[in-house]
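In case you want the letters, here they are:
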Amino acid sequence: MAEERRGSWFGFGFCGFGQALGSGRGRQVTSPEPLRAAGTDAEVCSVSASWSYTAFLSRERSGPIPPGPAPTCPRLLLSWLPAPAGAGQVQLSGSARGAAEGCRDAWASETLLVVLRDGRGPGAGAELQAWAPGSALCGEPLWAQTVVPEAQREDREDGEGDGTRARPLPLLPGARAYVSPLSPLYRPLAPELRARRLELGTEHALLLDEAGQVYSWGGGRHGQLGHGTLEAEPEPRLLEALQGLPMAEVAAGGWHSVCVSATGLSGHGPGVTGTTGDEGGAPASCIALQPFPALLDLPLGSDAVKASCGSRHTAVVTRAGELYTWGWGKYGQLGHGDTTSRDWPCRVEYFVDKQLQAVAVSCGPWNTYVYAVQRETS
Amino acid sequence: MAEDSNRDTLPGMGPLQEALRALLPRTKEELKLDLSENVHRSVLILLQQATNLFYEGRRSECLQTTEALLDYSWEKLNTGVWRDVDKDWRRVYSFSCLLKTMCLCETPGDATTVAAALKVCDMGLLMGAAILGDILSKVAAILQTHLLSGKRPAQGPAQEQPGIKKARNGHTSIPDTRSEEAVPRLHCPSLQYFRKHYLVPQRPVILEGVADHWPCMKKWSLEYIQEIAGCRTVPVEVGSRYTDEDWSQRLMTVNEFISRYILNEPKDIGYLAQHQLFDQIPELKQDIGVPDYCCLGDGEEEEITINAWFGPPGTVSPLHQDPQQNFLVQVLGRKYIRLYSPQESEALYPHDTHLLHNTSQVGPSMTFQLLPHPTPFLESRQMASLAFFRSTWRILTWRSSPGLLRPHSCPASCLLEKSCSSRLNIGIMCKPWT
């Protein structure tokens, strides 16, 4: 009974470095495939994918699943799953290999793998480490810093109870700073921003604060900042167009941005629905820029609850547990069984066909990972 | 049209492969790029893999790997400001274009395959950086030769195509230049005279007779350009002017550009503007010269950039300033140019944004009322003259707030506005100084 309710991860898109994506055979996977299980008892609870490798964060299951039916709403479902006892393991797959114990969070980029690890010794604060991906997590990290214990405490109090950190990387515990893959690695944030979540695009950054307001800064030449111009912003600037509308989530793609509110989805950046590539494999040389947030409608009036962006594509999970994807599809990262790009949200039929309920999604630059549970059959 | 012959298989595909292979080193160990640490380890892995696959003859796998390299390096090329893009990423892009071009030509194919390979090669030339002794230029030359040998030669001396006669005339009404102050004209002045009276005091002048002997004056026509450069890919600006919202840049072959924006009653304006065409297509560079006056500049000869402008009637470049000294040679057609001296900059309303900082907001229709003392001239082919524009000069530019102008200081040059009245317009511009 407990096994039926257990979810698992699926992946599709680019796997040219042999990163775990279902079968992992060939360069790309165009339809969702179940991930090969890393270990028997270990349960992958989050995925951070860079272009050439993926970092899987897993935990030992700490206790039995509570009796009774699982809640259908994805948010409730995650908190219903038992909180794991402690930190778990990070496993790398693709151009970078290796594993490390005692990790609470991991964030993958081509130049850096950032992990938040348990402190060494009892009572010690957690340690933030930045590793070269090729180091296989052996030897010494490029950079390490102890997390202030107060910051850690704050984090745990705000947690959603699902074991994942309330403020995931690249936002650092305490929300006073974040990690960047480019030098300088450690970047302070003004405390008055009260950041809850931070997402990094190729040239820009998005910040979601405690009140649900969105800030953006960085390069703006593709309209990804949402302030209505193509100018860059050196400092976090409030997204006035969404002021007063509390947002639940933000996601930053290569050159576009997506925000999820309680009522729906809005996106800004090249093309209202994200960037698309043309047949030649290059971004279409004539893309209409969308520098203000625009409300995106999902088919059948579905409500978005989670969103994640890749380099040039977007994936969204709805309240009903469906997955919609759109944007650049050349490497199968949209999961529709082909390599066609799409300008509008399309449902990934695989999950519907297999009676799977999508719960969470995490996009790498050219691929997509989805966590789904089996639906209760009536 | 010559397009029909493209359907047939070109003769001698063996020689093509031999000629291309001869450009590459014999062993895969020798085909290597020296790249900095900025290029990710993962990319180096793929580059090695692609090279290995190519030398092992595993063509389709090599194409898959190079495709990923092309797409990834393309994203790097599109990150941030172009001039800040690490040159190594452009080299990676060029290398990937090279391997893809080679793979496409490996198996015997028709002219369409070779044209596709040439397109890839051109992308490497346009967006990448020179590698392995500028190998892409050599590849392009070989592919071009093979494509040309399959075509019928151009018929007789240059005739105006019937299509041009149908092209719309008089997009912009050309003002009468007689009443305005005209730029002075001189016939082949000595270098010293030019320097003393025009270069040093930074005054515009038209130099006549300087380019009369350039081969382009006799050879260039639409047919000739199509023959020499028809299948080469070039950047084209689409839209009336670059300050318009619907202005964009596209890549297309020269044949496509001519067919769509010059002949056949074009629906919108397309302009091959400010492109270093002669670096990309050395066959055309042989038809032009570099004016002796360019040697009077401070910079090295390598710093001279030569751009081409090629377009239909009605193309307009809005009032703007160039950071460099310029020589403009008009080869075919007529162009109207209006210059404003730096003292008049205050009245010229530049845009506030960073991108358009050197461009005025004022269009040609407003200039007669608002702007003082323009110095215009009308250039036409008979003269084969050289127009010299002054440039970098410490001058007041400005930042404009609504309704008000307030000067700031920054280096700038004189402003010029150009529009084309004739049916066909080919000019070349040399920029000898920074």
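Definitions and cut-offs
Residues numbered from 1 in each chain as written. Chains lettered and ligands numbered in written order. Predicted model: local features only at pLDDT ≥ 70, side-chain atom pairs only at ≥ 80, totals over all residues. Heavy atoms only, no water. Domains from an automatic or database assignment. Contact = heavy atoms within 4.5 Å. Buried area = accessible area lost by both parts, 1.4 Å probe. Salt bridge = Lys/Arg side-chain N within 4 Å of Asp/Glu carboxyl O. Helix = DSSP H or I, 4+ residues; strand = E, 2+ residues; numbered from the N terminus. Buried < 20%, exposed > 50% of the residue type's maximum accessible area, 1.4 Å probe, protein only. Pairing = 2+ DSSP bridges. Axes fitted to C-alpha atoms, helices over the stretch in contact; angles between N-to-C directions. Disulfide = S-S within 2.5 Å.

Turning next to the domain arrangement of chain B. Residue and element names in this part refer to chain B. For chain B, the assigned domains read domain 1 (15-149) and domain 2 (185-365 + 372-402 + 422-433). Domain 1 puts 11 residues into the contact, and the matching count from domain 2 is 14 residues. For the pair domain 1 and domain 2, the two sides together bury roughly 1,000 Å², of which 58% comes from carbon and sulfur. Contact with domain 2 buries surface across domain 1, with Asp 122, Leu 126 and Gln 144 losing the most and accounting together for 46% of the total. Across the domain 1-domain 2 interface, the total number found is 2 salt bridges. For Glu 256, the salt bridge is made with Lys 119, and the minimal N-O distance between the two is 3.8 Å.

Moving on, we come to unusual backbone geometry. Residue A:Leu169 is joined to A:Pro170 through a cis peptide bond whose omega torsion reads 10°. Topologically, A:Pro170 is positioned in the loop between α3 (149-157) and β10 (177-179). The omega torsion across A:Ser183 and A:Pro184 is -5°, close enough to zero to call that bond cis. Its place among the elements puts A:Pro184 in the loop between β10 and β11 (186-188). Despite not being glycine, B:Glu265 has its phi angle at roughly 45°, a positive value. We note that B:Gln274 has phi near 50°; this positive angle belongs to a residue other than glycine.

Residues and elements named next belong to chain A. Summarising burial for strand β21 (residues 313-318): 6 of the 6 residues are buried, a large majority. Where burial is concerned, the two faces of β21 agree: the one with His 313, Ala 315 and Val 317 and the one with Thr 314, Val 316 and Thr 318 are both buried. Here strand β20 (residues 304-309) pairs with β21 via 5 bridges, running antiparallel. Bridge assignment links Ser 308 to a residue of β21, and that residue is Ala 315. Once β20 ends, the chain turns through 3 residues before running back antiparallel as β21. The sheet contact formed by β21 and strand β22 (residues 323-327) spans 5 bridges and is antiparallel. Looking at the pairing, Ala 315 lines up with Thr 325 of β22.

All names here are of chain A. The strand order across the open sheet formed by 4 strands is β20-β21-β22-β23, and the pairing between neighbours is antiparallel. Each edge of the open sheet is held by one strand with a lone partner, namely β20 and β23 (342-347). Averaged over neighbouring strand pairs, the angle between their axes works out to 15° when direction is ignored.

Simply put, disulfide is the name for a covalent bond between the sulfur atoms of two cysteines. All names here are of chain A. Under the definition given, this model contains 0 disulfides over all chains. The thiol of Cys 309 is not disulfide-bonded; the next cysteine sulfur, from Cys 363, is found 6.9 Å away. Look at Cys 309 and you get buried, because its relative accessible area is 7%.

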